[in-house]
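Residue-level structural notes
Each chain is listed here by its residues.
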Amino acid sequence: MNAVRARPLHACADALGLYGAALATAVAAPGGAAAKEAVLGYSPANMDKRVSPRQDFYRYAVGNWLDRTGIPASEPDIGAFNQIEINLDRQVLKLIKDAAAANAAPGSPRQQIGDYWRAAMDLKRLDELGIKPLQDDLDRIAALTLPGNNAALGDLSGRLQIGYGFSPLVGVGVDTDAKNSSAYLLTISAGQQWLDRDDYAKPDRQRVRDLYLGYIGSMMRSTGLSEQDAEAAARTVLSIETEISAAQLTPLQAIDPDVTYNIMSLAEAQALIPALDLSAQLQAVGITPPATVQVPNIAALKAVNKVLGTRSPDEIRTLLRWHVLTGRASFLGQPWRGLDEAFKRQRMDLQADKPREREVTFEVAVLLFSPLSKLYVEAYFPESTRRDMTQMVGYIKDEFERRLRSNPWLDEPTRAAALDKLAKVDIQVGYPREWIDYGPVVIRPDDYFGNAVCLGEFRQRRRLARLGQPVVVERFASPPFTTPTSVNAAYSPQTNSIDITAAIVQPPFYFPTADASVNYCTIGAVIGHELTHGFDSNGSRYGPAGNLRDWWTPQAKAEFEKRTDVLVQQYSALTLLPGLTQDGELTLTENTADLGGITLAHAALHRALAGKPQPKIDGLTTDQRCFVAWAQMWAYKGRPERVRSLASTDFHASSTLRGFAPLLHLDAFHRAFGTRPGDPMWRAPKDRVVIW
Ligand SMILES: [Zn+2]
């Protein structure tokens, strides 16, 4: 390590002051046609016709796929989403490699993507640098004198937030005010932790905790600590994180505005955590202290304060050192990078690491999402697909409107409000109207660590600079979840809008050449699913402009809950693994949306086909193909560790259940496959729920 110069002095921006502006350029018209790729998803060959659809519909629809498909050694699971992702990675990798070969102008998307790639793939240089990129921050932590140094603690917490994307103590952010979507609020939250809330607490997660302890210990030893000190440090980290995690919200509480909307003065927030000077943290991240702030979780902030007041200075420094080490371990040389990979692999019980090329592809898709997406839609997203999708969106929205007008359980005031809200939903397909300009960020071909820091800083400072400015709604800008290259469709209650990404509009969710029953009951049902989110137990609390306001009458709410209670019972009785059932409460809004989505898609399909011949295809009627296509969209296999983790954190039911459970409420499903009382797939008409 001694002969290597430290990483080059890396000035993140090529000009001062550019981060603050709302940077955007006009969208280039997409040109290229979609590349030819292997066909995934819907196919009669995926079915197992030896099984009766009346006995086990999921097995009937996807049995051959299940028999043929193994979980790749480097994946926690396999299903439609990661099948697309594997396909997508190939498309994106080609764009990245072409960019790296292009010798493009400084600051252009191709230069940034190409140089990021070059630096990331130079493992020899990373290994030569080892842990050096962290040295300044490790020194700063070592020099921190405690206790009683509240301003220094606030300053360091702010520096960590900007440099690493998080702080283990306090995080500050800028979000729109849930009660006034035309203004921003400063949010103050307890800092980040590395495991899921349940991992710290539940007896059946001891395996994860043991792995985590081993991982922390090895990382600490690699920085020069003795075996004994490293083990003690690991126990300290786990014990502090466990203490704070006990005050974290459950997933359902975290999305409940009654719990999370807590406006107060900055002085009141400071009183929750006197051990850390919030003004010093705000100064470090470049924010002028505002009069009022929002604290989503008061108890967690108090828990951090208690830790700061009761743990020894050495323990606090150990926690900070750990966050610096693990937060950027994947950007370091060996052994740190390898230890990080090993922990992630073992935690999910994977057999192999993801190839380096795919790891870096994912990083580019997150850190440089806007420049990459621009290249992606130019190369792979034909305008014809966008037109096709926009038309289908129109049909499904019309169908929803029709059904709202005749819905028997909505009272008139709620119906009128629902129709008003539906008319104002803004749906965009593929990519945003404007791209974010990453041009000011300097990406070097020889500084992988610095590139990641600069890109993280760019994103954070851009966001933080908005406080006090007019609200800018950015679409397709939430990596890794909703960008043009993420496989997703998403409804946002705060903006009453839906983004359908370019990446999801391909097989197995959408086939340009497939017949209508397949496309309606896959991507069409996904669109329907998102639409209904504006009107479920969460969406009903936000008005058409995205402001927190309950627009349901008590009767409408009671009628809705009478129906959704049935779904809670249905899903809570379904088994995922021996001894593990689905949490029907946690997954309720998503299960309601699945039922609404397939209901709307099926109805819209019939309107689109009205008066047209409907021949059998592959021996299946229109309705049979619709429901088989829906089930095949959810074809899924997961490792037990993955299924267990998702069961306690994911608002969606397991794909294995999504493939058939909502269908049992549709009369058309029972007609299509001739189910009868006594069949496992039979559900008596009185037990079927129609919500939308
Ligand atoms: Zn959903």
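What you see is a predicted model; the values in this text were computed from it and never measured. (Residues numbered from 1 in each chain as written. Predicted model: local features only at pLDDT ≥ 70, side-chain atom pairs only at ≥ 80, totals over all residues.)

1. Concerning the overall build of the protein chain
Rules: In this description a helix means any DSSP run of H or I spanning at least four residues, a strand means any run of E spanning at least two, and both kinds are numbered starting from the N terminus. Computation of the radius of gyration draws on C-alpha atoms alone. For the globule rule, the value is 2.2 Å times the number of residues to the power 0.38. Three exposure classes are used. Buried residues have 20 or more other C-beta atoms within 10 Å of their own C-beta, exposed residues have 12 or fewer, and partly exposed residues fall in between, all C-beta atoms being placed from the backbone. With C-beta atoms placed from the backbone, a contact is any residue pair whose C-beta atoms sit within 7 Å.
In terms of regular secondary structure, the protein chain is built from 28 helices and 13 strands. In summary, the protein chain has a C-alpha radius of gyration of 26 Å against a globular reference of 26 Å for 692 residues, a match within 12%. Projected onto its principal axes, the C-alpha coordinates of the protein chain cover approximately 75 × 55 × 50 Å. Residue burial in the protein chain is summarised as follows: out of 692 residues, 43% are buried. Sequence-distant contacts in the protein chain: of pairs separated by 6 or more residues, those separated by 24 or more amount to 76%.

2. Examining the pairing of strand S10 (residues 497-501)
The condition is simple: The pairing criterion for strands is at least two bridges between them, as found by DSSP.
In terms of burial, S10 is largely enclosed, as four of its five residues are buried. Both strand S7 (residues 426-430) and S10 contribute to a ladder of five bridges, which runs parallel. Paired with Asp426 across the strands is Ser497, a residue of S10. Linkage of strand S9 (residues 489-492) to S10, two consecutive antiparallel strands, is achieved through a turn of four residues, within which Asn496 is found at a positive phi near 50°.

3. Thoughts on the packing of helix H1 (residues 57-68) against helix H25 (residues 622-633)
Worth spelling out the cut-off: For helices, the axis comes from a line fit to the C-alpha atoms of the stretch in contact; other axes are also lines fit to C-alpha atoms, and the angle between any two N-to-C directions lies between 0 and 180 degrees. Throughout this description, any angle smaller than 35 degrees is read as roughly parallel, any larger than 145 degrees as roughly antiparallel, any in the 65 to 115 degree range as roughly perpendicular, and the remainder as oblique. A clockwise turn of the near helix away from the far one marks a right-handed crossing, whereas an anticlockwise turn of less than a right angle marks a left-handed crossing. Three classes are used: nonpolar for Ala, Val, Leu, Ile, Met, Phe, Trp, Tyr, Cys and Pro, charged for Asp, Glu, Lys and Arg, and polar for all others, with Gly counted as polar.
Contact geometry for H1 and H25: axes closest at 9 Å, N-to-C directions at 60°. On the basis of the axis angle, H1 is oblique to H25. Like other packed secondary-structure pairs, H1 and H25 cross with a definite hand, here right-handed. In this structure, H1 uses Phe57, Tyr58, Ala61, Val62 and Trp65 to contact H25, whose residues at the interface are Val628, Ala631 and Gln632. Residues belonging to the contact of H1 with H25 are distributed by class as follows: seven nonpolar, one polar and no charged.

4. With respect to the sheet that holds S9
Pairing is mixed across the open sheet formed by three strands, whose spatial order is S7-S10-S9. For this open sheet the edge positions go to S7 and S9, each flanked by a neighbour on one side alone. Across the sheet, the mean angle separating the axes of adjacent strands is 10° when strand polarity is ignored. Strands in contact with helix H22 (residues 516-533) are S9 and S10; relative to S9, the strand with the most contacts, it is inclined by about 15°.

5. Let's talk about the domain arrangement of the protein chain
Where the parts come together, the accessible area they lose is often given as the size of the interface. Note the cut-off: Domain start and end points were adopted from an automatic or database domain assignment.
Annotation of the protein chain at the domain level lists domain 1 (146-311) and domain 2 (389-425 + 505-687). Domain 1 and domain 2 are separated by 37 Å when their C-alpha centres are compared. Contacts between domain 1 and domain 2 engage eleven residues on the former and twelve residues on the latter. Going through the elements one at a time, strand S4 (180-190) and helix H10 (251-254) are the ones with two or more residues in the side of domain 1 that touches domain 2.

6. With respect to the sheet that holds strand S3 (residues 170-177)
Consider a sheet: its strands pair through backbone hydrogen bonds, and that pairing is either parallel or antiparallel. Taken in spatial order, the four strands of this open sheet run S3-S4-S6-S5, and their pairing is mixed. Here the strands that pair on one side only, and so sit at the sheet edges, are S3 and strand S5 (263-265). The sheet shows a mean angle of 40° between the axes of neighbouring strands, taken without regard to direction. Where S3 lies against S4, eight bridges are found, and the strand directions are antiparallel. By the bridge assignment, Thr176 is partnered in S4 with Tyr184.

7. Concerning the packing of helix H8 (residues 206-221) against helix H16 (residues 336-347)
The description of two packed helices rests on the angle between their axes and on the distance between the axes. Following both chains from N to C, one finds H8 and H16 inclined at 175°, their axes separated by 10 Å at the closest point. Comparing their axes, H16 and H8 come out roughly antiparallel. Residue-level contacts link Val208, Leu211, Tyr215, Ser218 and Met219 of H8 to Trp336, Leu339, Phe343, Gln346 and Arg347 of H16. Tallied by class, residues from the contact of H8 with H16 come to seven nonpolar, two polar and one charged.

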